[in-house]
2 protein chains.
Amino acid sequence: MSKVPYKIYLSENEIPRAWYNVRADMKPDHPPFLNPGTMKPMTLEELEPVFCTECVKQELNNTDRFIEIPDEIRNFYKMYRPSPLVRAYCLERELGTPAHIYYKYEGGNTSGSHKLNSAIAQAYYAKQQGLKALTTETGAGQWGTALAMACGYFGLDLTVYMVKVSAEQKPHRRAVMQTYGAQVIPSPSDTTEAGRKILAADPNNTGSLGTAISEAVEVALQKEGTRYALGSVLDHVLLHQTIIGLESKIAMEKVDEYPDIVIGCAGGGSNLGGLMAPFMADKLAGKTAPHFIAVEPASCPSLTRGRFGYDFCDVGHVTPLAQMYTLGNGFIPSANHAGGLRYHGMSPVLSQLYHDGYIDEARAVTQTEVFEAAVKFARVEGILPAPESSHAIRVAVDEALKCKETGEEKTILFGLTGTGYFDLTAYTAFNEGRMTDYIPTDEDLEKGFATMPKVSL
Amino acid sequence: MSKVPYKIYLSENEIPRAWYNVRADMKPDHPPFLNPGTMKPMTLEELEPVFCTECVKQELNNTDRFIEIPDEIRNFYKMYRPSPLVRAYCLERELGTPAHIYYKYEGGNTSGSHKLNSAIAQAYYAKQQGLKALTTETGAGQWGTALAMACGYFGLDLTVYMVKVSAEQKPHRRAVMQTYGAQVIPSPSDTTEAGRKILAADPNNTGSLGTAISEAVEVALQKEGTRYALGSVLDHVLLHQTIIGLESKIAMEKVDEYPDIVIGCAGGGSNLGGLMAPFMADKLAGKTAPHFIAVEPASCPSLTRGRFGYDFCDVGHVTPLAQMYTLGNGFIPSANHAGGLRYHGMSPVLSQLYHDGYIDEARAVTQTEVFEAAVKFARVEGILPAPESSHAIRVAVDEALKCKETGEEKTILFGLTGTGYFDLTAYTAFNEGRMTDYIPTDEDLEKGFATMPKVSL
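Residues numbered from 1 in each chain as written. Chains lettered and ligands numbered in written order. Predicted model: local features only at pLDDT ≥ 70, side-chain atom pairs only at ≥ 80, totals over all residues. Heavy atoms only, no water.

Please explain the overall build of chain A as it appears in this structure.
Assigned secondary structure in chain A consists of 18 helices and 15 strands. Per-residue burial over chain A gives 68% buried out of 457 residues. Sequence-distant contacts, at least 24 apart, represent 76% of the contacts inside chain A between residues at least 6 apart. In the form shown here, chain A has an accessible surface area of approximately 15,100 Å², with 50% of it arising from carbon and sulfur atoms. Of the side chains in chain A, 42 bear a positive and 54 a negative charge, and the two mean positions are spaced by 3 Å. (Helix = DSSP H or I, 4+ residues; strand = E, 2+ residues; numbered from the N terminus. Buried < 20%, exposed > 50% of the residue type's maximum accessible area, 1.4 Å probe, protein only. Contact = heavy atoms within 4.5 Å. Areas by Shrake-Rupley, 256 points an atom, 1.4 Å probe, with all protein chains shown as cover. Lys, Arg positive; Asp, Glu negative; His and termini not counted. Charge placed at Lys NZ, Arg CZ, Asp CG, Glu CD.)

Quick look at the structure:
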């Protein structure tokens, strides 16, 4: 067999024609979203005013294993996909490990991350439905940029509520979104009831994803022809992101590899959910499958220290309740936390799979550990990774070093979700030794848990 | 024949094994660099204290048509090459043109541009020679970032003199270079004779590439085990950049295409020089060849309004004299000019080819025209282009629109040299309608020409 190339590209014809709906194979499926008013499962009719209808249908679909990707979306995918599966030869050499390290690189598009995979789908369905506009929130800015690109492409208006602390740290992210035609509003803002309420309680509130979601949903509900789009957490988002894992699996088959370990960073869960899905299918079918590791920041540890229960998806309580691992919707990680992955909850799919032991392990890492791995990776692999992605790098490096000790030639696959071009304030802090770590105390967590609704089913 | 895919990738085995040395085919070759002291051609011995020896040998080589790419460099290339040749279907549709538009996309690496192609070669040769450090200058920051990546990879120290106005506008560029281990000094600085002299005359001097070159060369000459590396203009840099054109030509052959028009932005000339080289070989051999268009900013119009003569490559007059199109080494474009391409001179190879009519045309475009094309391109093609690259986009769009009028199905190839992630201050100025154009008056130009040395051979 000839040597595995540095980058394994599929041809455009090999871009998958359908997304894989892991829920159809899950036993049990995760519990349904609940209407907080009635405590009954949310219906299509109840969700339609918020999300575009096709996305709601996908959200409620736990029976079809595959959902066809419309041609218009596949054609857009062809502009930046298939994304390369990279054999990290240089990192392997640097570490002196016998492990085979692969990463699926999703940062090679202008949004700088995997988020575009779902953004273009959501914008397409909105356009098909005859909608005029979308609203959304963004934290680090990757999702907002991705949706701005997608809406720019289909000629939809877009309003982005951007977590205030991020908007201030990242004026250039804002500029990219504006270049693609989006309106960007730092959140909390005075443009919504939810924002005004939060500002009244705390005028210096620096925002959170939960708050920004409340604002974006409120506007979607009020404006004609407008819906809300979410970049992670929800099932239809994870569905769109399965393109990552499906491509990865085909590419690995081409070089006769199958991962022993699959590693992904997990904030809302869309990246890990998408990367692992087709391998999880093997596990759910009882076949040989990888060891799955979810990596999260120690400053926002929903899987490792959160509670498994029903919670609101947002701070303003305008969303349905989801059964998930959560730190409580009122939990806001310290502002000194640099990366994304700041969400208080976790994808219901991932939460259920973790709860049932299908995701083998969750690991929390501190941000200085993460940036140390990021800089090492950048120097040898030539890609400046996003802080989010670097959580996965950290654990991939740790696993590869274990292989060095044991001599095991394991195959490691991790998701390199994006680039760090807009995270250089954080890199500078790290380079200059000014970066510190924050780990919430049990008391901090209790305060968060106290904001969870009391649900008895 | 099946439809041309959106992106045409070569396999790693198809990465060219040799660079093409266009000078071996040029009749006449361009006049030699001159020692300003003796007015005699610069020798290997005279250039060795400045550049690493292998680069000097390549600089003086006008006989070997092909120069082998060492395996270590090819292996580094494999981390980000072959770069895709993209069929711009979405742009064609947007313009409603029958033209086939292709672009070679060099922005998919962390340096964000084609500059890495030569940076890794220069760092490799320096390492091979046992050197400890390199110095260089950078304007927009692409070259500095590329060389920082290359030096980081080979463990060489690097000092980058960054044009002061750019360093202030682009702190994040600086941070990337620092992440890769480089020391970045805004130029003019008080760390060199050349810098101190310029600051004494004008403490508010915002810098220029010419000034930064003087500083970097001075340090290279003084420090043990240190040489200087240049990112454009020189023949060995153009040689390394021929990888762009060589890959493009192979990729076009795969889809049965040959360009009618080749378009590249031209600052120092390395991108256009590299892109056009193998097609220029056809023209120099008397075969059918494309129409070549060099695009430059109206604010720094060396080919369209400069003089063809001997000039210093820098402001401080520490470099040899080169025969080229120049605005005079004392010419500094207005600080309101956003993009790169700020160099007063032009590659001697390109200058000679233009002078002899092999490059068919040079066109100067204003920056508002350029950003207009950049935003259009970003929205339909999904890539946020660098301002430099957008000069080529502007002219490619203009040529495609001509085809729309005439109905001609021309094949257009242009170089998309890089991404604009670090140029968002300029994009914001454009988005907010604050961008203005600057076109030097004839009087401005006369002042520049007056700084050219009086050379009579």
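Having seen the structure, we can now continue with the description.
Which parts of the structure should I look at to understand the packing of helix 17 (residues 424–431) of chain A against helix 8 (residues 171–179) of chain B?
The packing of two helices is summarised by the inter-axis angle and the distance between the axes. The geometry of helix 17 of chain A relative to helix 8 of chain B is characterised by a closest axis approach of 9 Å and an angle of 45 degrees between their N-to-C directions. Considering their axes alone, helix 17 of chain A and helix 8 of chain B lie oblique with respect to each other. Here helix 17 of chain A runs over helix 8 of chain B; the crossing is left-handed. Every residue of helix 8 of chain B that contacts helix 17 of chain A at L424, T425, Y427, T428 and N431 of chain A is listed here: H172, A175, V176, Q178 and T179 of chain B. When the residues that make up the contact of helix 17 of chain A with helix 8 of chain B are grouped by side-chain class, the tally is four nonpolar, six polar and no charged. (Axes fitted to C-alpha atoms, helices over the stretch in contact; angles between N-to-C directions. Parallel < 35°, antiparallel > 145°, perpendicular 65-115°, else oblique. Left-handed = near helix turned anticlockwise from the far one by under 90°. Nonpolar A, V, L, I, M, F, W, Y, C, P; charged D, E, K, R; others polar.)

Explain the nonpolar core to me, please; I cannot follow it from the model alone.
Where a protein is soluble and globular, its nonpolar side chains tend to be buried together. Within the largest apolar cluster, 243 residues are counted, with the highest numbers of intra-cluster contacts made by W19, I263 and F414 of chain A together with W19, I263 and F414 of chain B. Ignoring anything within four residues of it in the chain, the contact list for I263 of chain A reads L272, L275, I293, V295, A392, V395, A396, E399, I412, L413, F414 and G415 of chain A. Core analysis: the second largest hydrophobic core is formed by 26 residues, F51, A216, V219 and L234 of chain B among them. (Core = buried A, V, L, I, M, F, W, Y, C linked by side-chain atoms within 4.5 Å.)

Hey, could you run me through the sheet that holds strand 4 (residues 85–87) of chain B in this one?
What links the strands of a sheet is backbone hydrogen bonding, and the strands pair in either a parallel or an antiparallel sense. Taken in spatial order, the seven strands of this open sheet run 1-4-5-15-10-11-14 (chain B), and their pairing is mixed. Looking at which strands have only one partner, the edges of the open sheet turn out to be strand 1 (7–8) and strand 14 (361–365) of chain B. (Pairing = 2+ DSSP bridges.)

Please explain the interface of chain A and chain B as it appears in this structure.
The interface is formed by 39 residues belonging to chain A together with 39 residues belonging to chain B. Surface buried jointly by chain A and chain B totals about 3,600 Å² across both partners, of which 55% is contributed by carbon and sulfur atoms. Of all residues in chain A, the largest losses of buried area upon contact with chain B belong to T179, R379 and Y421 of chain A, amounting jointly to 19% of the total for that side. Seen at the junction of chain A and chain B, the total is one salt bridge. Our count for the contact surface shared by chain A and chain B stands at 21 residue pairs in polar contact (both at pLDDT 80 or more). Listed by contribution, the elements that provide at least two residues to the side of chain A that touches chain B are helix 3 (71–80), helix 4 (89–95), helix 6 (142–154), helix 8 (171–179), helix 15 (367–381) and helix 17 of chain A. (Buried area = accessible area lost by both parts, 1.4 Å probe. Salt bridge = Lys/Arg side-chain N within 4 Å of Asp/Glu carboxyl O. Polar contact = N/O pair within 3.5 Å; in protein donor to acceptor, adjacent residues only side chain to side chain.)

For this particular structure, what's the right way to read the packing of aromatic side chains?
The geometry of an aromatic ring pair is captured by two quantities: the separation of the ring centres and the angle between the planes. If you walk through the whole model with that rule in mind, you get 38 aromatic pairs over all chains. Seen from their ring centres, Y153 of chain B and F154 of chain B are 5.1 Å apart, and the 80 degrees between their planes marks the pair as edge-to-face. According to the relative accessible area criterion, F154 of chain B is buried, its value standing at 14%. Look at F377 of chain B and F414 of chain B: their rings are 6.3 Å apart centre to centre, the planes differ by 75 degrees, and that puts the pair in the edge-to-face class. With F377 of chain B in helix 15 (residues 367–381) and F414 of chain B in strand 15 (residues 411–416), the pair connects residues that are 37 residues apart, well separated along the chain. Of the two residues, F377 of chain B and F414 of chain B, neither departs from the other in class, the shared state being buried. Through a chain of ring-to-ring contacts, the aromatic side chains of F76, Y77, Y80, Y124, Y125, Y153 and F154 of chain A assemble into a single cluster. When the ring centre of Y89 of chain A is taken as origin, the NZ or CZ atom of K3 of chain A, which lies over that ring, is 4.4 Å away. (Phe/Tyr/Trp six-rings, centres within 6.5 Å; stacked < 30°, edge-to-face > 60°. Lys NZ or Arg CZ within 6 Å of the ring centre and 35° of its normal.)

Honestly, the relation of the copies chain A and chain B in this entry has me stumped. Any pointers?
Here the two chain copies are tied together by a rotation about an axis and a shift along that axis. Least-squares fitting of chain A to chain B yields an RMSD of 0.0 Å, with the superposition described by an axial translation of 0.0 Å and a rotation of 180 degrees. As the rotation angle and translation indicate, the two copies are arranged about a two-fold axis. When each C-alpha of chain A is compared by its distance to the rotation axis, G108 of chain A comes out closest, at 3.1 Å. When you check the interface residues of chain A against chain B, 100% turn up at the interface there too, and the contact is symmetric in its surfaces. (Least-squares fit on C-alpha atoms with pLDDT ≥ 70 in both.)

Mind showing me how you'd approach the layout of surface pockets here?
In this approach a probe as big as a water molecule rolls over the atoms, and the regions it shows empty are the leftover space. As a volume, the largest pocket reaches approximately 930 Å³. Contributing to the lining of the largest pocket are 37 residues, with Y9 and L10 of chain A together with Y9, L10 and S11 of chain B lying nearest its centre. Contributing elements (two or more residues each) for the lining of the largest pocket: helix 3 of chain A together with strand 1 and helix 3 (71–80) of chain B. Residue classes in the lining of the largest pocket are distributed as 15 nonpolar, eight polar and 14 charged. (1 Å grid on protein atoms, 1.4 Å probe; cavity = no way out; pocket = protein on both sides within 12 Å on 5 of 7 lines; lining within 4 Å. Points joined across faces, edges and corners; volume = space filled by probe spheres on them.)

Looking at this structure, I do not really get the confidence of the model for chain A. What am I missing?
Note that predicted coordinates carrying low pLDDT should not be read in detail. The predicted model of chain A averages 95 in pLDDT, with 99% of residues at 70 or higher. Reported for the predicted complex are a pTM of 0.94 and an ipTM of 0.91. (pLDDT = per-residue confidence, 0-100.)

Got a minute to help me understand the pairing of strand 10 (residues 261–265) of chain B in this structure?
Successive residues of a regular strand alternate their side chains across the two faces of the sheet. All names here are of chain B. Of all five residues that make up strand 10, five are buried, and the element is covered over most of its length. Both faces of strand 10 are covered, namely the face carrying I261, I263 and C265 and the face carrying V262 and G264. Of the pairings in the sheet, the one linking strand 10 to strand 11 (residues 291–297) comprises five bridges and is parallel in character. Bridging across to strand 11, G264 finds its partner in A294. A crossover links strand 10 with its parallel partner strand 11, the connecting element being helix 12 (residues 270–284), and its sense is right-handed. The pairing of strand 10 with strand 15 spans three bridges and is classified as parallel. Within strand 15, the position partnered with I261 by the bridge is I412. (Right-handed = clockwise from strand over helix to strand, strands pointing away.)

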